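Spelled out, the chains give:
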Amino acid sequence: MSSHGIRDRVAIVGMGCTPFGEHWTKSAEDLLVDAVGAATTSAGLTLDDIDAFWFGTQASGVSGLTLSQALRLPCKPVTRVENMCATGSEALRNACYAVASGAYEVAMAVGVEKLKDSGMSGLSGTAIPGAGDDSRGEITAPANFSLLAPAYAAKYGLSDEEMKDVITRIAWKNHVNGARNPRAQFRKEVPLERIRSAPIVAGMLGVFDCSGVSDGSAAAIVVRAEDAYRYTDKPVFVKALSFVAGPADGLSDPEYDFTTFPEVVASAREAYRQAGVTDPRAELALAEVHDCFTPTELVLMEDWASPSAGRPGRTSPAGRSTWTARCRSTPTGD
């Protein structure tokens, strides 16, 4: 049975986000304090007004104590969640469900990563563990995702040069956008040729095709939809929340072709169903797409734009996907 959905039952009324980058002089605690402080200030609340917290981090702390110690919380419930690249969305998803269920009136979702302290890097990549019986070899993240590019080129009849041009333009576009975002880590436009000729990391992926090593934190405050306008005149009503995890057998499945993420297709399809979206290309005004590596963004864009694509049972190497649909509107969606 699929989810009954959460459409217009909760709203985000406050948000805070630090700039992202190499914060050599700030700890994870510092970043948490900054993001949470900005979120509570934007909603006109204090920490005492927050009933419960959902805290997401992959590598920058263990248990809810990481947050409660940083904020000096006076005996509040804090739940730490982790779901790889979907960790931040998972914190928000759980905070929304807690409020929608009636368990709490005001909840906060918080995420932080201090990768410069952990040594974790999207560029060099962390090894993906084997199956437990050593039947799978270990492979770094760049090597893993580099498999998408030649597979995509082969499926659509692109030459290596044409495929390189496609991912180069994705990186170029992202740097153009980053130059206009005051919180982005990389705030300079980069010429196409510099991106194209950058040192190779894995396959045809160069340095600019791979995610950087970034520190940062963000927080969001969630309340019941009927209470939203008590806190702000511009609430963001949540239309859908969808999460899908698969068996992650892409690397061992001989039929998987590395040109789709079936978990993304399934997750997007479920989010559209909950939100009442029937034509995503026409109805969605903005998509924020995970771009850990440039070919990832390419495949994701096609998967979410055509949710009927993909083949059930064929799962990607990552094996998980999350999708949060939200928009600024009245609770009725008009």
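Residues numbered from 1 in each chain as written. Predicted model: local features only at pLDDT ≥ 70, side-chain atom pairs only at ≥ 80, totals over all residues. Heavy atoms only, no water.

## Observations concerning the overall build of the chain
For clarity, the threshold we go by: For helices the rule is a DSSP run of H or I covering at least 4 residues; for strands it is a run of E covering at least 2, with both sets numbered from the N terminus onward. Burial classes: relative accessible area under 20% of the type maximum marks a residue as buried, over 50% as exposed, and values in between as partly exposed (1.4 Å probe, protein chains only). Residue contacts follow a heavy-atom distance rule, with two residues in contact if any of their heavy atoms lie within 4.5 Å. Here, Shrake-Rupley sampling with a 1.4 Å probe gives the accessible areas, and only protein chains in the shown set may cover a residue.
Along the chain, the regular secondary structure elements total 11 helices and 9 strands. For the chain, buried positions account for 48% of its 334 residues. Contacts in the chain between residues far apart in sequence, at least 24 positions, make up 78% of those at least 6 positions apart. Surface exposure of the chain reaches about 16200 Å², of which carbon and sulfur atoms provide 53%.

## Comments concerning the packing of aromatic side chains
Rules: In summary, the pairing rule links any two rings of Phe, Tyr or Trp, Trp by its six-membered ring, whose centres are within 6.5 Å, and it sorts them by plane angle into stacked for under 30 degrees, edge-to-face for over 60 and tilted for everything else.
Under the counting rule described, the total for this entry stands at 5 aromatic pairs. Ring geometry for tryptophan 54 versus tyrosine 104: centroids 6.1 Å apart, planes at 70°, classification edge-to-face. Linking tryptophan 54 in strand β2 (residues 52-56) with tyrosine 104 in the loop between α3 (87-100) and β4 (106-114), this pair joins segments that are 50 residues apart in sequence. Of the residues examined, tryptophan 54 reaches a relative accessible area of 11% and is grouped as buried. Relative to phenylalanine 237, the ring of tyrosine 229 has its centre 6.1 Å away and its plane inclined at 50°; by these criteria the two rings are tilted. Tyrosine 229 gets classed as partly exposed once you look at its relative accessible area, which sits at 48%. Under the relative-accessibility criterion, phenylalanine 237 is labelled buried at 0%.

## What about the nonpolar core?
What counts, and what does not: Among buried residues, the Ala, Val, Leu, Ile, Met, Phe, Trp, Tyr and Cys ones that are joined through side-chain atoms within 4.5 Å form a nonpolar core.
Of all hydrophobic cores here, the largest spans 31 residues; its most connected members are Phe145, Met163, Phe261, Phe293 and Trp304. Secondary structure elements with two or more residues in this core: α5 (141-146), α6 (148-156), α7 (160-178), α9 (262-275) and α11 (294-305). Within the second largest apolar cluster, 29 residues are counted, among which are Ala39, Leu45, Ala228 and Phe237.

## Focus on unusual backbone geometry
Within the chain, aspartate 8 stands out as a residue other than glycine whose phi angle is a positive 60°. In this fold, aspartate 8 is placed in the segment before β1 (10-17). A relative accessible area of 14% places aspartate 8 in the buried class.

## Some words on the pairing of strand β8 (residues 236-245)
As a general feature of sheets, a regular strand has side chains that alternate between the two faces. Selection criterion: Between any two strands, pairing holds if DSSP finds at least two bridges.
With respect to burial, β8 is a largely interior element, 8 of its 10 residues being buried. Here 2 bridges tie β1 to β8, and the two strands are oriented antiparallel to one another. Within β8, the residue paired with alanine 11 across the bridge is phenylalanine 237.

## Considering the packing of α7 against α11
Selection rule: To get an axis, a line is fitted to the C-alpha atoms, and for a helix only the part in contact is used. The angle between two axes follows their N-to-C directions and goes from 0 to 180 degrees. Each angle receives one of four descriptions, namely roughly parallel if under 35 degrees, roughly antiparallel if over 145, roughly perpendicular if within 65 to 115, and oblique otherwise. Classification used: nonpolar for Ala, Val, Leu, Ile, Met, Phe, Trp, Tyr, Cys and Pro, charged for Asp, Glu, Lys and Arg, polar for all others including Gly.
For the pair α7 and α11, the least separation of the axes is 9 Å and the interaxial angle reads 90°. When the axes of α7 and α11 are compared, the pair comes out roughly perpendicular. Between α7, through Met163, Val166, Ile167, Ile170, Ala171, Lys173 and Asn174, and α11, the contact on the second element is made entirely by Thr294, Pro295, Glu297 and Leu298. Taken together, the residues of the contact of α7 with α11 sort by class into 7 nonpolar, 2 polar and 2 charged.

## A word on the pattern of salt bridges
The condition is simple: A carboxyl oxygen of Asp or Glu within 4 Å of a side-chain nitrogen of Lys or Arg is what we treat as a salt bridge.
For the structure on display, the rule yields 14 salt bridges. Taking the shortest distance from any N to any O, the salt bridge between arginine 93 and glutamate 90 comes out at 2.8 Å. Pair noted here: arginine 93 and glutamate 90 are both in helix α3, with a separation of 3 residues, about one helical turn. For the residue pair arginine 93 and glutamate 90, the accessibility class agrees, reading buried in each case. Note that glutamate 189 is salt-bridged to arginine 180, the shortest N-O span being 3.0 Å.

## As for the pairing of β2
Our working definition: With its strands directed away from the observer, a crossover is right-handed exactly when the path from the first strand over the helix to the second travels clockwise.
Burial of β2 is extensive: 5 of the 5 residues sit out of reach of the surface. Neither face of β2 is left uncovered, since the one carrying Ala52, Trp54 and Gly56 and the one carrying Phe53 and Phe55 both have all their residues buried. Here β2 runs beside strand β3 (residues 78-81); their pairing, made up of 4 bridges, is parallel. Following the sheet pairing, phenylalanine 55 is matched in β3 by arginine 80. Handedness of the β2-helix α2 (residues 65-71)-β3 crossover: right-handed.

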